[in-house]
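Coordinate analysis (summary)
Spelled out from the first residue to the last, the chains are:
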Amino acid sequence: MKSPTRIPGRRLLHSPGPTPLPDEVLHALMRQPMDMGDPRNDETIAACEAGLKQVLQTQSADVFFYACNGHGAWEAAIENLVPPGGSVLIPGTGHFSESWAVQTEALGRRVVRTPWIEGLPIDPAVVTETLRADKQHEIVAVFVVHTDTSSGITSDVSALRAALDDADHPALFVVDVVASLGAEPFDFDGQRVDMAVGASQKGLMCPPGVGFLACNAAAFAAAERNPAPRFYWDIVRRKSELSYRKFCGTPPQNLMGALAVSLGLIQSEGLHNVLARHQLLASLVHAAVEGWSEGGALGFFARDPASRSNAVTTVTVPAGTDVDGLRALAREQYQLAFAGALGPLQGRGFRIGHLGDQNPAQVLGALATVEAALEAQGIPLGSGVTGGGTRRALLKLAGR
Ligand SMILES: *Cc1c(COP(=O)(O)O)cnc(C)c1O
């Protein structure tokens, strides 16, 4: 049998998910499966529940894990909260809000959309207006994508909570934190979120394969009232002390073991420090993009600097740029993987992920390598007074 080509060194992974795994997490994946009666099953799940509640900043929410990706967790939110034919408001953030909306409609629910304004976060005033117009309270939930991973834009959760309050509308406030958890400040209890929806493979530094919901009493009560036929996703059925019930079958033991370890790493670094590290790394990437933009070809997709995500940066390119060629060169020749643009942005940009198990040296390496690939393609980059993008980033790190 021919062995796959070995990659010398490490290929840097700067996609906004999946993200690279800490060695401790890799090692946790190598444990032997356990008998279902082994008390370590329950201990592992309990550690994941406690660790996740800490990252979500909640005392009171219940968390439910699924053997699934983010789309599975989206489906769990829809099936539990929205009765057949019920309506959901999904404010436009780009590719991810639209994908969740399409999935919601495919499951027989109705979606009210607010328009997506390119380059900007969700406008809370439009959310208030749309809810006020819903006099019959047909909208049962507002589904918000915290960080839209395609645009690299983070919307303001507190302002959106206030938008629901201002409308005096009883809709549940549901937030997709798949790309933001562990990278952006998020406070489930403090921001009065009713349900959070997430997955393992982005800021949580685990392999893909575990999705989750966190829900407060109001969200759980909505699930209890909801007559929608469901089984695997049903949080009411899953609320149990038995790990077999909690997972509706065999837990994905190795992934849960890995998640317990990664949540422990976040706890020992300290959530506050984890968030500060992401902010620093984002500031290095933003400095580089500012430098590159001086050449007149590249730019930020996010127009408002305050909404630029700490997890991923979307960079716009001139029409006709061979983005796939750029990525293939970086990946195959230079050993740096970064992402293309998605959905409505396809072909109009690329994305640099800077979340999860990342540090300044890795991010500087990634920026320099992206710059080399851009140079190889002859894309004009600024060299101006500051000497170009990567140099700006390293001066920023040096505090100069
Ligand atoms: C990645 C992502 C998803 C989908 O997750 P999958 O695991 O790919 O199904 C959903 N929402 C956001 C914001 C994401 O970044």
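Refer to the structure printed above.
Everything in this summary refers to the structure shown in the same document. Keep in mind the model is a prediction, meaning the values are calculated, not measured. (Residues numbered from 1 in each chain as written. Predicted model: local features only at pLDDT ≥ 70, side-chain atom pairs only at ≥ 80, totals over all residues. Heavy atoms only, no water.)

Some details on the overall build of the protein
Within the protein, the regular secondary structure consists of 14 helices and 14 strands. Its C-alpha atoms give the protein a radius of gyration of 21 Å, near enough to 21 Å, the size a compact globule of 400 residues would have. C-alpha extents for the protein along the principal axes are approximately 60 × 55 × 45 Å. The buried share among the 400 residues of the protein stands at 55%. Look at the contacts in the protein between residues 6 or more apart in sequence, and 73% of them connect residues 24 or more apart. Surface exposure of the protein reaches about 16600 Å², of which carbon and sulfur atoms provide 54%. If you average the places of the 33 positive and of the 40 negative side-chain charges in the protein, the two averages end up 3 Å apart. (Helix = DSSP H or I, 4+ residues; strand = E, 2+ residues; numbered from the N terminus. Rg over C-alpha atoms; globule rule 2.2 N^0.38 Å. Buried < 20%, exposed > 50% of the residue type's maximum accessible area, 1.4 Å probe, protein only. Contact = heavy atoms within 4.5 Å. Areas by Shrake-Rupley, 256 points an atom, 1.4 Å probe, with all protein chains shown as cover. Lys, Arg positive; Asp, Glu negative; His and termini not counted. Charge placed at Lys NZ, Arg CZ, Asp CG, Glu CD.)

So, the sheet that holds strand 14 (residues 349–353)
With mixed pairing, 5 strands are arranged side by side in an open sheet as 1-13-14-12-11. The sheet terminates laterally at strand 1 (12–14) and strand 11 (299–300), the two strands that pair on one side only. Bridging between strand 1 and strand 13 (residues 336–340) involves 3 bridges; their strand directions are parallel. Across the sheet, histidine 14 pairs through a bridge with phenylalanine 338, a residue of strand 13. Along the sheet face, helix 12 (residues 323–333) touches strand 13 and strand 14 and points at about 160 degrees away from the line of strand 13. (Pairing = 2+ DSSP bridges. Axes fitted to C-alpha atoms, helices over the stretch in contact; angles between N-to-C directions.)

Some points on the site of the ligand
Around the ligand sit 13 residues in total, of which His71, Thr149, Asp176, Gln201 and Lys202 are the nearest. One nitrogen or oxygen atom from the side chain of aspartate 176 is found 2.7 Å from a nitrogen atom belonging to the ligand. Between the ligand and the protein, one listed contact pairs an oxygen atom with a side-chain N or O atom of lysine 202 at 2.6 Å. For the ligand, the accessible surface in isolation is 380 Å², of which the surrounding protein chains cover 89%. By residue number, the principal contributor to the shell around the ligand is helix 3 (residues 70–81), which donates 3 residues. Counted by class, the shell around the ligand contains 5 nonpolar, 6 polar and 2 charged residues. (Near = heavy atom within 4 Å. Polar contact = N/O pair within 3.5 Å; in protein donor to acceptor, adjacent residues only side chain to side chain. Nonpolar A, V, L, I, M, F, W, Y, C, P; charged D, E, K, R; others polar.)

Considering the pairing of strand 13
Most of strand 13 is tucked away, with 5 of its 5 residues classed as buried. Direction of pairing for strand 13 relative to strand 14: antiparallel, over a ladder of 2 bridges. Each residue of the ladder has a partner; that of alanine 339, found in strand 14, is arginine 351.

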